[in-house]
Amino acid sequence: MLAIDAQLEIPDDELIERFVRSSGPGGQNVNKVSCAIHLRFDIGASSLPEPVKERLLALSDHRINKEGVLVIKAQTARSLEQNKADAFARLASLVQRAAEVPLPR
């Protein structure tokens, strides 16, 4: 369970993790160990409230494809755990930003 804030959570079964080989730092391990992660999150099929889904889909973010799936690739660290934590933190930040209700003008 990925906790976004006090009201929002994303269940683990809505997140798809795929581990791939990193093109970043890693020395000799870079060709042997899958330490990068592709984190996929289907916005439309998620359990998020509808207004949050709409604001997420309205973002002009290159990581959201035409089908409404958010793909986050993390490969900056040498370890899988650090890249996984980075991907989850970026997803939480993006959803938290979309959860903020815009002020009426």
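Note that the structure is a prediction, hence the values are computed from the model and not measured. (Residues numbered from 1 in each chain as written. Predicted model: local features only at pLDDT ≥ 70, side-chain atom pairs only at ≥ 80, totals over all residues. Heavy atoms only, no water.)

### Notes on the pattern of salt bridges
Test applied: When a carboxyl oxygen of Asp or Glu lies within 4 Å of a side-chain nitrogen of Lys or Arg, that pair is called a salt bridge. Exposure is judged per residue with a 1.4 Å probe applied to protein chains only, and the accessible area is read against the type maximum: over 50% gives exposed, under 20% gives buried, and values in between give partly exposed. Each helix is a run of H or I in the DSSP string that is no shorter than four residues. Each strand is a run of E no shorter than two, and both are numbered from the N terminus.
With the rule as written, the count across this model stands at four salt bridges. Salt-bridge contacts for aspartate 61 lead to arginine 63; the nearest nitrogen and oxygen are separated by 2.7 Å. On the basis of relative accessible area, aspartate 61 is assigned to the buried category, the value being 14%. A salt bridge links arginine 90 to aspartate 86; the shortest N-O distance between them is 3.1 Å. Linking arginine 90 with aspartate 86, this pair stays in helix 2 (residues 80–99), spanning four residues, or about one helical turn. Overall, arginine 90 belongs to the partly exposed group, its relative accessible area being 28%.

### Regarding the nonpolar core
To be explicit about the condition: Here, the term nonpolar core denotes a set of buried Ala, Val, Leu, Ile, Met, Phe, Trp, Tyr and Cys residues that are joined through side-chain atoms within 4.5 Å. Contacts between residues were defined by any pair of non-hydrogen atoms, one from each residue, lying within 4.5 Å.
Ranked by size, the top nonpolar core spans 24 residues in total, and within it Ile10, Leu15, Phe41, Leu48, Leu70, Leu91 and Val95 carry the most contacts. Of all the secondary-structure elements, those providing two or more residues to this core are strand 4 (36–42), helix 1 (50–58), strand 5 (69–74) and helix 2. By residue number, the principal contributor to this core is helix 2, which donates eight residues. Leucine 91 has contacts with Leu2, Ile10, Leu15, Leu39, Phe41, Leu70 and Ile72, leaving out every residue within four places of it along the chain.

### Describing helix 2
What counts, and what does not: Here the expected span of a helix is defined as 1.5 Å times the quantity of residues minus one.
Its 20 residues give helix 2 an end-to-end C-alpha distance of 28 Å, which sits within 8% of 28 Å, the value for a rise of 1.5 Å per residue. What helix 2 keeps buried is the set Asn83, Ala87, Phe88, Leu91, Ala92, Leu94, Val95, Ala98 and Ala99. Residues of helix 2 that are buried make contact with strand 1 (2–3), strand 2 (9–10), strand 3 (15–20), strand 4, helix 1 and strand 5.

### Notes on the side chain of aspartate 61
Put simply, the rule reads: Any N or O atom pair separated by 3.5 Å or less is treated as a polar contact, with the protein-specific requirement of one donor-capable and one acceptor-capable atom, and with residues adjacent in sequence counted only for side-chain atom pairs.
Within the secondary structure, aspartate 61 is located in the loop between helix 1 and strand 5. Reaching out from aspartate 61, the side chain makes a polar contact with the side chain of arginine 63 at a distance of 2.7 Å.

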